[in-house]
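# Observations on the model geometry
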Amino acid sequence: MEEDPYGTDAIIKAMRTGRHFGGGRAVLPPMPWTWVGTMTDEDLEAIVACLQSIPPIRNRVPVPVPPAPAGGAT
Ligand code: HEM
């Protein structure tokens, strides 16, 4: 069985590696995974437990749009 992309392990892996669901595409730059991912396992597990305690909603997430190149290319 594949790993649950919303499970604790996948979310922690995403925060540590900057990869969508812990193993996919690179997440966009606003997500500060380089410092979020430096937290201890205990802290990340606590954050995930807090997030998972919130009831889910239906929300279609738009496709990711990478930032434009620096210098304002047209
Ligand atoms: C403790 C703080 C934070 C936690 C625990 C957290 C956690 C996460 C997680 C689990 C994801 C999903 C990764 C995936 O696609 O599998 C995500 C995505 C994202 N986060 Fe954060 N985040 C935090 C702070 C922030 C902050 C401060 C920002 C921006 C100011 C931010 C911006 C984003 C964005 C834009 C995405 C979507 C990136 C993409 O789809 O490419 N996050 N975050």
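Before any of the text, the structure's been laid out above.
Residues numbered from 1 in each chain as written. Predicted model: local features only at pLDDT ≥ 70, side-chain atom pairs only at ≥ 80, totals over all residues.

This part takes up the site of the ligand. The full set close to the ligand counts 13 residues, and Ala14, His20, Val27, Leu28 and Met31 are the nearest of them. At three residues, the largest contribution of residues to the shell around the ligand is made by helix α1 (residues 8-17). Residue classes in the shell around the ligand are distributed as twelve nonpolar, one polar and no charged. (Near = placed C-beta within 6 Å. Helix = DSSP H or I, 4+ residues; strand = E, 2+ residues; numbered from the N terminus. Nonpolar A, V, L, I, M, F, W, Y, C, P; charged D, E, K, R; others polar.)

Attention shifts here to helix α3 (residues 41-52). An ideal rise of 1.5 Å per residue puts 16 Å on twelve residues; α3 measures up with 16 Å between its terminal C-alpha atoms. Burial within α3 is sparse, with just zero of its twelve residues counted as buried. (Expected span 1.5 Å × (residues − 1). Buried ≥ 20, exposed ≤ 12 C-beta atoms within 10 Å, placed from the backbone.)

So, about the packing of α1 against α3. Two elements in contact, α1 and α3, have axes separated by 10 Å at closest approach and are oriented at 120 degrees. Taken as axis vectors, α1 and α3 run oblique relative to one another. Crossing of α1 over α3 shows right-handed handedness. Contacts between α1 and α3 involve Thr8, Ile11, Ile12 and Met15 on the former and, on the latter, Leu44, Glu45 and Val48. The residue inventory of the contact of α1 with α3, partitioned by class, reads five nonpolar, one polar and one charged. (Axes fitted to C-alpha atoms, helices over the stretch in contact; angles between N-to-C directions. Parallel < 35°, antiparallel > 145°, perpendicular 65-115°, else oblique. Left-handed = near helix turned anticlockwise from the far one by under 90°. Contact = placed C-beta atoms within 7 Å.)

With that settled, the discussion passes to the environment of Ala10. Relative to the helices and strands, Ala10 resides in helix α1. The buried category is assigned to Ala10, around which 20 C-beta atoms lie within 10 Å. Separated by 34 residues in the primary sequence, Ala10 and Leu44 place their C-alpha atoms 12 Å from one another. With residues near it in sequence (within four places) discarded, Ala10 still touches Glu3, Asp4, Pro5, Phe21 and Gly22.

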